[in-house]
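# Close look at the chain arrangement
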Amino acid sequence: MRDLWLPDEMRNAPLLDPHAPAPPPTKRYALLLNPFYAKDPHASFGKHVLTPSLALTSIAGATPEGWTLKYWDENLLQGPPPLDPMPQVVGISVHLTFAKRAYALAAWYRARGAAVILGGLHVLSCPEEAAPHADALAMGDGVQLWPRILADFEAGRLDTRYCATYETEYRDDPAPRRDLLPRESFLTTTSMIATRGCHNRCGFCYLATDGLRMPYRMRDPEQIVREFEADGQPYGVFVDNNLGSRPDYLLKLCRALRPIKKIWSAAVTIDVTDDPSLIREMALAGCTGVFVGFESLADGNLEAAHKKTPRTEDYARRVRILHDNGIQVNSSFVLGFDEDRQDVFERTAAWVEENRVECSTFHILTPYPGTPLFRQMESEGRILHKDWDLYDTSHVVFRPKHMTPEELAEGYSWIYRRLFSHASIWRRRPEDLSAVIPYLFMSYLYKKSNRVWHRLIQARAVHAVWRPLVEWSRRRHLGFRRRLESTPVRLHLEALRAPSLVSAGV
Ligand code: B12
Ligand code: SF4
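Just so we're clear, the structure is a prediction, and the values are computed from it rather than from any experiment.

## Description of helix α13 (residues 344–354)
Every buried residue belonging to α13 is among V344, F345, T348, A349 and V352, and all of these are buried. Take α13 and look down its axis: the buried residues cluster within an arc of 125°, on one side only. Tucked into the core, α13 has its buried residues touching β13 (328–335), β14 (359–364) and α15 (405–419).

As structure tokens, this is what we get:
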């Protein structure tokens, strides 16, 4: 595979000095940590700083009064997390790809007298592995558990495991504490989540993990509007697994968002286009881009993964419905399914270009522990190793059926090179000439500027540089909306296309 530029700070976590001195823990002071993970040099380094995860800010919202909190995300390249003042409790979010780092951080703080609580997806999938590294595990919804954990800690009766389901009334959850985030480090701090769960249960998705019960839950649209307004940003990102799982809910949400005149993007499945009038409502509510998990262009792969989705031959028409409403598409594909042969890379790239899909994200098929896919691969003896650091969807960790692991890795590298190339960016430019310049601008800034991203992140200048561009996109979108409102619903709207942040992969 070709050697791509990856500076040391993005490849290796900051050093944790084993001898670093620390004062005694400060009472009722908790540190919330998002651990480092190595970045994929094929993709944009901007990805992490577009919008933060809501895991820690959500539990922060549920913190009992009297506690002081600090938020630290190691991926913002500001060095190791602080030891002074020394927290009494450290809460760490654990995903598969940074589990090892989370355990190292846990050991560092425990050695200095802090109690460590581990929570997050990986703790739920692999509790036995995580347990020795923590004073307590939070399994499942941390918003329910965090106040209980802190209360038990204060009372000196901390348990080793706390389990929660996702079955409480979602509307009763407090709003996430976005005020704790370093605003200057993210393009937007307004990550939002309106729903939890998904109507699908694809065999490769973490939602299919054994024992994970995540029924579909929704917040009131008015709560979302209030959160969006309160954070004061022009652009928000919905981090829901699938904002379109319940079209009736999405319609209500769009109607509530429309008056605030902000722009947003969200992940949806392509069946959201079953009703084109819903897509128009999304556009009128400020949606400028969607992230769509197409996963594969082979129906057999999707059937084997149990993904309920329209036939792949209909994907192009559906992309057009989104485009006609000024909504740009970031298409997400998984490579290495059992029907994929060596031509999958070329065919997928050609489809993306032919349909002028503005941005694409690729993932090497990765069997997450606890999922049906993992069980299948393990029973077939196809798992190559269990080094979770490499389960990041940019490394091959299983033996593909019709390729060698090396061929899959090279194909993944090739397709990113091709889609991030000058020629491909140009081929996919919008048909509407007035949208070409903004599209090119955003594409180059996102896809071809990793050296710039590296500097911006280190200098904490991401927000300052992007904010004017985001505001400009919002204004252009408002102009587009006015024209859309005055256009009969069934008219072909191609000429009205507005640029969006999705051309930048947002
Ligand atoms: C935002 C996001 C990102 C952001 C930020 C990631 C980050 N770590 O900071 C970006 C874009 C950078 C990103 C990148 C990637 N991501 Co991502 N991402 C998400 C997304 C869309 C939202 C996360 C979120 O905010 N959820 C909402 C919060 C409230 O829910 P939660 O995280 O489950 O947290 C709750 C509990 O788990 C618990 N909890 C969590 N932490 C803690 C800690 C404590 C102390 C306690 C008490 C409780 C607790 O309480 C929380 C409240 O209920 C999720 C999908 C999703 N909707 O969850 C995928 C998801 C987490 N990502 C995923 C993947 C695969 C990736 C990538 C590997 C993909 C890629 N190749 O680029 C990379 C690698 C990054 C990495 N290693 O994390 C997978 C993870 C699968 C797994 N088994 O680990 C997910 C689940 C998507 C999916 N459906 O497959 N991602
Ligand atoms: S549609 Fe997406 S979020 Fe839903 S189960 Fe499948 S992969 Fe997971």
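## A few points about the sheet that holds strand β2 (residues 68–73)
Here six strands make up an open sheet; going across it, the order is β2-β1-β3-β4-β5-β6 and the pairing parallel. A strand with exactly one partner marks an edge of an open sheet, and here the two such strands are β2 and β6 (161–163). Neighbouring strand axes in the sheet, compared pairwise and without regard to direction, differ in orientation by 20° on average. Seen against the sheet, helix α4 (residues 99–110) touches β1 (25–34), β3 (86–93) and β4 (115–119) and runs at an angle of roughly 160° to β4.

## Points about the sheet that holds β14
With parallel pairing, six strands are arranged side by side in an open sheet as β7-β10-β11-β12-β13-β14. In this open sheet, the two edge strands, each paired with only one partner strand, are β7 (191–192) and β14. As paired strands, β13 and β14 are joined by six bridges and run parallel to one another. In the strand pairing of β14, F333 is matched with F362. Most of the contacts of α15 go to β14, to which it runs at about 170°, and overall it touches β13 and β14.

## Quick look at the site of ligand 2
The environment of ligand 2 is formed by C198, N200, R201, C202, C205, L207, N241, N242, T269, G293 and K307. Class assignment for the residues of the shell around ligand 2 results in four nonpolar, five polar and two charged.

## Points about unusual backbone geometry
The omega torsion across D84 and P85 is 0°, close enough to zero to call that bond cis. Within the fold, P85 resides in the loop between β2 and β3.

## Notes on the packing of helix α8 (residues 221–231) against helix α9 (residues 247–257)
One way to put it is that α8 packs onto α9 with a least axis distance of 9 Å and a crossing angle of 40°. Relative to α9, the element α8 is oriented oblique. The hand of the α8/α9 crossing is right-handed. The segment α8 lies against α9, with P221, E222, I224 and V225 engaging K252, L253, A256 and L257. For the contact of α8 with α9, the class distribution of residues is six nonpolar, no polar and two charged.

## Quick notes on the domain arrangement of the chain
Its domain assignment divides the chain into domain 1 (8–170) and domain 2 (182–504). Computed over C-alpha atoms only, the centres of domain 1 and domain 2 are separated by 27 Å. Listed by partner, the interface residues are 27 residues for domain 1 and 38 residues for domain 2. Going through the elements one at a time, α2 (47–50), α4 and α5 (121–125) are the ones with two or more residues in the side of domain 1 that touches domain 2. Partitioning the side of domain 1 that touches domain 2 into residue classes produces 17 nonpolar, seven polar and three charged.

## Brief notes about helix α17 (residues 436–447)
With 12 residues, α17 extends 16 Å from end C-alpha to end C-alpha; this agrees with the ideal 16 Å at 1.5 Å per step. P438, Y439, M442, S443, Y446 and K447 are the residues of α17 that are buried. Burial along α17 is one-sided: seen end-on, the buried residues are contained in an arc of 130°. Contacts made by the buried residues of α17 are with α16 (422–427) and α19 (462–485).

## Considering the confidence of the model for the chain
Of all residues in the chain, 96% have pLDDT values of 70 or greater, and the mean over the chain is 94. Mean pLDDT in the chain bottoms out at α17, which sits at 88, and peaks at β4, which reaches 99. The model gives residues 492–499 a pLDDT under 50, and that stretch makes 31 contacts with residues more than four places away or in other chains.

Each value, and the rule that gives it
Residues numbered from 1 in each chain as written. Chains lettered and ligands numbered in written order. Predicted model: local features only at pLDDT ≥ 70, side-chain atom pairs only at ≥ 80, totals over all residues. Buried ≥ 20, exposed ≤ 12 C-beta atoms within 10 Å, placed from the backbone. Helix = DSSP H or I, 4+ residues; strand = E, 2+ residues; numbered from the N terminus. Arc of directions from axis to C-beta. Contact = placed C-beta atoms within 7 Å. Pairing = 2+ DSSP bridges. Axes fitted to C-alpha atoms, helices over the stretch in contact; angles between N-to-C directions. Near = placed C-beta within 6 Å. Nonpolar A, V, L, I, M, F, W, Y, C, P; charged D, E, K, R; others polar. Parallel < 35°, antiparallel > 145°, perpendicular 65-115°, else oblique. Left-handed = near helix turned anticlockwise from the far one by under 90°. Domains from an automatic or database assignment. Expected span 1.5 Å × (residues − 1). pLDDT = per-residue confidence, 0-100.

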